[in-house]
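# Working through the structure, step by step
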Amino acid sequence: MNQDLFAEMRASIEDGDAERATAAARAALDAGIDPLAAIDSGFMPGLTWVGDQFACGEMFLPDMMLAARAMKAAFAVLEPEMKARSTERSVAGRVVIGTVKGDIHEIGKNLVATMLGAAGFEVHDLGVDVPPERFAEKAAEVGADIVGVSALLTTTMTGQRAVIAALGERGLRPAVKVIVGGAPVTRAWAAEIGADGYSEDAVGAVALAKSLVGA
Ligand code: B1M
């Protein structure tokens, strides 16, 4: 039964069908499926498949845009439930998060932001295509403990290094910790640019953020 639902979630993304994705997300919640499991085992495989098809020239940019729209529609259904399930209400720390300049991928960053919020962090999401100085400005303004920087393109990963430099120029380092992530990002890259931590997924990002603030 659940396998059929996971297959439907995946198919809705592969077809780039937002209405079908919305219905599949609602069906998952009705069936008692954990929202994160729905994302990881249902919708994400669909998006990964579309990305692979794009990479080998079998699908094109409009297909990837439709798939992303469908994913965001599913996420809109699942996100309130993810927040509602959180039992942690005290502020664990302040996080400023965004996707680097030149990069408009937001789905993974949004997932990380939601999970951090659900884990009790006060999250300031700057959105996508964020210049390094903007991260630093916001971190100073809100007294951030952590700055989270997402990058999905090999060509924009260097923006993560630029954010660390901008924080340094404002005298915010090393007090403000920096965590990085995104599909092309690796632990080795994080170490090379002097980030304080790397996580390959949203669940790991929460554990990392907690460890950095001693929560
Ligand atoms: Co783009 N795209 N895209 N795209 N896109 C990729 C990333 C790509 C791998 C596809 C491919 O070729 N196989 C490829 C990058 C190749 C590379 O550089 N290595 C690519 C390309 C080339 C492009 C364009 C250049 C295409 C073009 O125009 N010719 C263009 C660039 C636009 C730009 O940013 N300037 C582009 C555009 C787009 C769309 C706009 C159509 C759309 C994004 C829409 C949106 O976000 N609103 C899109 C999409 C959807 C994808 C794929 C298919 C899916 C990305 C995604 O949302 N994944 C992607 C292929 C793929 O990843 N398989 C692809 C789901 C998401 C939950 O995962 O973002 O990895 P992810 O986040 C994960 C982890 O990485 C981690 O946790 C998340 C949850 O587990 N994580 C963090 C992420 N951020 C973190 C931060 C942290 C910690 C963990 O701490 C702060």
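One can find the structure itself at the top, above this paragraph.
Procedures and definitions
- Residues numbered from 1 in each chain as written.
- Predicted model: local features only at pLDDT ≥ 70, side-chain atom pairs only at ≥ 80, totals over all residues.
- Heavy atoms only, no water.
- Helix = DSSP H or I, 4+ residues; strand = E, 2+ residues; numbered from the N terminus.
- Contact = heavy atoms within 4.5 Å.
- Axes fitted to C-alpha atoms, helices over the stretch in contact; angles between N-to-C directions.
- Parallel < 35°, antiparallel > 145°, perpendicular 65-115°, else oblique.
- Left-handed = near helix turned anticlockwise from the far one by under 90°.
- Nonpolar A, V, L, I, M, F, W, Y, C, P; charged D, E, K, R; others polar.

## Overview of the environment of Ala 18
- Along the polypeptide, Ala 18 turns up in helix 2 (residues 18-30).
- Here the alpha-carbon distance between Ala 18 and Val 100, two residues 82 residues apart in the chain, equals 27 Å.
- Leaving out residues up to four positions away in the same chain, Ala 18 has contacts with Arg 69, Ala 70 and Ala 73.

## A short note on the packing of helix 1 (residues 2-14) against helix 2
- Helix 2 packs onto helix 1 with a crossing angle of 160 degrees between their chain directions and a minimal axis gap of 8 Å. In terms of orientation, helix 1 and helix 2 fall into the roughly antiparallel class. The chirality of how helix 1 crosses helix 2 is left-handed. Seen from helix 1, the contacting residues are Leu 5, Glu 8, Met 9, Ala 11, Ser 12 and Ile 13; seen from helix 2, they are Arg 20, Ala 21, Ala 24, Ala 27 and Ala 28.
- Broken down by class, the residue content of the contact of helix 1 with helix 2 amounts to eight nonpolar, one polar and two charged.

Honestly, it's all geometry; don't read function into it.
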